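Descriptive structure summary
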Amino acid sequence: MTHDTSRRWQMLAIAAVILYVLWLLAPVLMPFAFAAMLAYLGDPLADRLERLGLGRTLAVSIVFIVLLLLAIGALLLLIPLVSRQVDNLVQNLPRYVDWARNVALPWVQAKLHLDPSAFDTDRLVEQLKTHLGSIGDAASTVLGQISRSSLGVIAWLTNLVLIPVVAFYLLRDWDRLVAWIDRMLPRSIEPTVAYLAREADSVLGAFVRGQLAVMLALGIFYGAALTIMGLSVGPLIGMVAGLLSFVPYLGFIVGFGSALIAALVQYGDWGHVLIVVAIFTVGQLLEGYVLVPRLVGEKIGLHPVAVIFAVLAGGYLFGFLGVLLALPAASVILVVLRYLSERYRQSDLYTEEGRGDPVLSEVDVVVETPECTVETDTVVTRRDEPKDATPPA
């Protein structure tokens, strides 16, 4: 085994060990991952304050206090609003059930010519009550165990306290941490890793900050538009649609479906349904042609299918932590794949021309077009085929 091969295997083993340890510690990494995300978001602002002449600790303290005040203000604003909207939804729930039983299900049954027993509402309600009862029993059991054992509450409160504490220290020592990681890298791969880190930072900065702004803008737009329309649960639907908009089309589908049902139950006419359609059409145009190009940009380049797969795969592998980090991780992986693609296209494996295939051969064929022009095309044929074979159309 050569020295270069041995070094590659050593680096591969180190990377595998690090990934395995992170996978083992995934259940306890959630507060640290959330704190690291907050520190990453606040670092550019702290660097700007440092360039104005402030010390790092003072700059970090200012940024931390601003973030804390924004979080407290958002909670004080959102908690009463969400509470009122949930109460409103619970009070109107019988109306939704009655509409589904007497309007929606008979309409579907008549249009699809289905067996009436398939939509036996009494049987469906009984099954729903049975399942809700079992879910309630399970929830009561879990809550009872948590109340009898304070470990669950203590763990939850510990995570809640850890996030701002860890975020402050990570933000204060962010530059030192980056420099330490740079010093620990093998010198042979340090330039490549530094290049990939700069590219990943550019992509992540565009994605995280831009996507948060898109989510906030869409939530405000949908909530305000549905409220002006007069929908009682409009603010709640707008917030949910905005929060889910980080997955392509998920926020639109959930918000549009919920608003459509709410409008039919509350008003029962097609005029308000058309208003809902217009609101979400404008929202999609606003997201696709204004918000995403201006706030996120085209540099990320994640296909919607890749985004959906990343979220599902992250949730399956690491639970809520995986969902939280799925899209940032996918953005970094995209940077690495672009680099590997460039390396491959410049390697001998891609550029070196091999020996001719003993079975196939390339033949230049002259084709006369309807415009009386002559074009030359290269056609791959079997060597045992006649050279003047007519090329496929």
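Quick caveat, the model's predicted, so the values are computed rather than measured.

Considerations on the overall build of the chain
Counting its regular elements, the chain contains 13 helices and two strands. Looking at the chain as a whole, 25% of its 393 residues qualify as buried. In the chain, the proportion of contacts linking residues at least 24 apart, taken out of those at least 6 apart, comes to 63%. In the structure as shown, the chain presents an accessible area of about 26500 Å², 69% of it carried by carbon and sulfur atoms.

Details of the confidence of the model for the chain
Per-residue confidence for the chain averages 76 on the pLDDT scale, and 76% of its residues sit at or above 70. Confidence over residues 132-136 falls short of pLDDT 50; this stretch has zero contacts with residues more than four positions distant or in other chains.

A few points about the nonpolar core
Note on soluble globular proteins: their nonpolar side chains tend to be buried together. Counting residues in each nonpolar core, the largest one holds 21 residues, and the members touching the most others are Leu226, Met229, Leu231, Ile237, Ala259, Ile279 and Phe280. When contributions to this core are tallied by element, the ones reaching two or more residues are helix H3 (56-112), helix H7 (190-229), helix H8 (234-243), helix H9 (250-266) and helix H10 (270-296). A total of six residues in this core trace back to one element, the largest contributor, which is H7. Residues in contact with Ile237, not counting those within four places in the same chain, are Leu226, Leu231, Gly255, Ser258, Ala259 and Ala262.

So, the environment of Glu287
Turning to its location among the elements, Glu287 is positioned in helix H10. Here Glu287 is in contact with Val214, Leu218, Ser245, Val292 and Pro293, once residues within four sequence places are set aside. At 3.3 Å, the side chain of Glu287 forms a polar contact with the side chain of Gln284.

As for the pattern of salt bridges
The final tally for this structure, using the stated rule, is six salt bridges. Between Asp175 and Arg56 there is a salt bridge whose closest N-O contact spans 3.5 Å. Of this pair, Asp175 sits in helix H6 (residues 174-184) while Arg56 sits in helix H3, and the two are 119 residues apart along the sequence. Exposure remark for Asp175: the relative accessible area of 37% places this residue in the partly exposed category.

Some thoughts on the packing of aromatic side chains
A full pass over the atoms with the stated rule returns nine aromatic pairs. Arranged with centres 6.2 Å apart and planes meeting at 55°, the rings of Tyr40 and Trp174 form a pair that is tilted. A residue pair is termed long-range when its members are at least 10 positions apart, and Tyr40 in helix H2 (residues 30-51) and Trp174 in helix H6 qualify at 134 residues. This pair shows no difference in class: Tyr40 is buried, exactly as Trp174 is.

Focus on the side chain of Asp47
In this structure, Asp47 sits in helix H2. At a separation of 2.8 Å, a polar atom in the side chain of Asp47 contacts the side chain of Arg56.

Quick look at a nonpolar patch on the surface
The grouping of Val17, Tyr20, Val21, Trp23, Leu24, Leu25, Val28, Tyr316, Leu317 and Phe318 at the surface amounts to a nonpolar patch, some 1100 Å² of accessible area in total. Sorting the residues of the nonpolar patch by element identifies helix H1 (3-24) and helix H11 (304-318) as the ones contributing at least two each. The element contributing the most residues to the nonpolar patch is H1, with five residues. Tracing the sequence through the fold places Leu317 in helix H11.

Digging into H11
In this model, H11 (15 residues) spans 21 Å end to end at C-alpha, consistent with the 21 Å of a helix rising 1.5 Å per residue. If you check which residues of H11 are buried, you get Val307, Ala310, Val311 and Gly314. One side of H11 carries all its buried residues, which in axial view fall inside an arc of 95°. More than 90 degrees from the buried face of H11, the exposed residues found are Val305, Phe309, Leu312, Tyr316 and Leu317. Two residues or fewer after H11 comes Gly319, characterised by a positive phi angle close to 70°.

Some details on the packing of H7 against H8
At a minimum axis distance of 7 Å, the contact between H7 and H8 shows a crossing angle of 160°. For the element pair H7 / H8, the angle class is roughly antiparallel. The two elements H7 and H8 cross, and the hand of that crossing is right-handed. Residue-level contacts link Met215, Leu218, Gly219, Tyr222, Gly223, Leu226 and Thr227 of H7 to Gly234, Pro235, Ile237, Gly238, Met239, Ala241, Gly242 and Leu243 of H8.

Side note on H3
An ideal rise of 1.5 Å per residue puts 84 Å on 57 residues; H3 reaches only 67 Å between its terminal C-alpha atoms. Of all the bends in H3, the greatest, near 45°, is centred on Asn92, and the proline Pro94 appears no more than four residues after it. Within H3 the residues assigned to the buried category are Arg56, Ala59, Val60, Val63, Gln85, Asn88, Asn92, Tyr96, Trp99 and Ala104.

Conventions and cut-offs
- Residues numbered from 1 in each chain as written.
- Predicted model: local features only at pLDDT ≥ 70, side-chain atom pairs only at ≥ 80, totals over all residues.
- Heavy atoms only, no water.
- Helix = DSSP H or I, 4+ residues; strand = E, 2+ residues; numbered from the N terminus.
- Buried < 20%, exposed > 50% of the residue type's maximum accessible area, 1.4 Å probe, protein only.
- Contact = heavy atoms within 4.5 Å.
- Areas by Shrake-Rupley, 256 points an atom, 1.4 Å probe, with all protein chains shown as cover.
- pLDDT = per-residue confidence, 0-100.
- Core = buried A, V, L, I, M, F, W, Y, C linked by side-chain atoms within 4.5 Å.
- Polar contact = N/O pair within 3.5 Å; in protein donor to acceptor, adjacent residues only side chain to side chain.
- Salt bridge = Lys/Arg side-chain N within 4 Å of Asp/Glu carboxyl O.
- Phe/Tyr/Trp six-rings, centres within 6.5 Å; stacked < 30°, edge-to-face > 60°.
- Patch = residues over 30% accessible without salt bridge, like charges linked within 9 Å, V, L, I, M, F, W, Y side chains within 5 Å.
- Expected span 1.5 Å × (residues − 1).
- Arc of directions from axis to C-beta.
- Axes fitted to C-alpha atoms, helices over the stretch in contact; angles between N-to-C directions.
- Parallel < 35°, antiparallel > 145°, perpendicular 65-115°, else oblique.
- Left-handed = near helix turned anticlockwise from the far one by under 90°.
- Bend = angle between axes of the 7 residues up to and from the residue.

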